[in-house]
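Close look at the chain arrangement
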Amino acid sequence: MVTPPKSRPPVETSTGTESADRVADVLLAFAQSDRALGVTEIARRLQLSKAVVHRILQSLASRSIVQPMAGESTYSLGPAAIGLGTKAWSQLDVRSIAAPVLRRLRAETRETATLSALVGHRRVYLDQYESPQEVKMVIEIGPQFPLHSGASSLAILAFLPEHFAVDAVRELQGATHDVDVEAFHARLARIRDDGYATSINERKTGAASIAAPFFDGAAHVLGSVSSSGPAFRYSASADEEHTAHARLVIAAAQQITQMLESRTAR
């Protein structure tokens, strides 16, 4: 009697599970890094050949999941990855958690209350509750904004690792050559001290905003809450009305932080 050979499990090749694992590992390397990465560094981290890493990056770049950095031999996460990040935010249901807080902030200030999230090196509006007043600020959900300008962005940037601020300054210098780097970093330090950021007509839109950051259970900044309206209703000085307004925004951001911490602890 001839014993049939034992069946062996299929060998996973670069076209199967092993390949999928490698792609996932490369994406996680970007997710866990605070800067752009090159082929050599990724290959060393993951103990893969440079040729394999190069092929994976080329595939990801063709789908805009990563993108090459101009003038450099490195890659960063691309627009498609940022879109995935936005989708992840919606699945975390942060909007539902924040909704009652934003409604109360709108009622207290009579200005538009907004919720923003950090996605990659950009800020994205997730939600808004419009002011009941005739002249008001209305934002568009979804577009990406840089971190170097506007209260909602700066409230996030001030609590990120230092290299984010360095990148933000570099991007700002690309848009305008008149940048006081020392003053920019001093402004971020004030935001950290005060717990909130203010901007008045900063992007030349006639709008003003007071924003405060919210955090996860590990004290990582996740996004910001803002109260926004036309610039003529916002004071440039820290007078009593301005301070009271800022306290309401800070309290709203702190409540969202507490709600997120509570959900994580379950």
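Residues numbered from 1 in each chain as written. Predicted model: local features only at pLDDT ≥ 70, side-chain atom pairs only at ≥ 80, totals over all residues. Heavy atoms only, no water.

1. Considering the packing of aromatic side chains
The final tally for this structure, using the stated rule, is two aromatic pairs. Ring plane angle 75 degrees and centroid distance 5.5 Å describe the contact between Tyr125 and Phe145, whose orientation is recorded as edge-to-face. Taken as a pair, Tyr125 in strand S5 (residues 122-129) and Phe145 in strand S6 (residues 144-145) lie far apart in primary sequence, 20 residues in all. Considering the side-chain rings of Phe159 and Phe215, the 5.5 Å spacing of their centres and the 85 degrees angle between planes classify their relative orientation as edge-to-face. Residue Phe159 is located in the loop between helix H6 (151-157) and helix H7 (162-175), and its partner Phe215 is located in strand S8 (residues 207-215); the two are separated by 56 residues in the primary sequence. One cation-aromatic arrangement involves Arg123 over Tyr125; the distance from NZ or CZ to the ring centre is 4.4 Å. (Phe/Tyr/Trp six-rings, centres within 6.5 Å; stacked < 30°, edge-to-face > 60°. Helix = DSSP H or I, 4+ residues; strand = E, 2+ residues; numbered from the N terminus. Lys NZ or Arg CZ within 6 Å of the ring centre and 35° of its normal.)

2. Quick word on the sheet that holds strand S3 (residues 74-77)
Read across the sheet, three strands follow the order S1-S3-S2 without closing on themselves; strand pairing throughout is antiparallel. Each having just a single partner strand, strand S1 (37-38) and strand S2 (66-68) make up the two edges of the open sheet. Running over the sheet, helix H1 (residues 17-31) touches S1, S2 and S3 and is turned about 85 degrees from S3. (Pairing = 2+ DSSP bridges. Contact = heavy atoms within 4.5 Å. Axes fitted to C-alpha atoms, helices over the stretch in contact; angles between N-to-C directions.)

3. Re the side chain of Ser226
For Ser226, the location among the structural elements is in strand S9 (residues 221-230). On the basis of relative accessible area, Ser226 is assigned to the buried category, the value being 0%. Within the structure, Ser226 has its side chain in polar contact with the side chain of Ser228 (distance 3.0 Å). When residues no more than four places from it in sequence are discounted, the contact partners of Ser226 are Leu105, Thr112, Ala113, Thr114, Ser152, Ser209, Ile210, Ala211 and Val249. (Buried < 20%, exposed > 50% of the residue type's maximum accessible area, 1.4 Å probe, protein only. Polar contact = N/O pair within 3.5 Å; in protein donor to acceptor, adjacent residues only side chain to side chain.)

Limitation: the analysis is restricted to geometry and does not speak to function.
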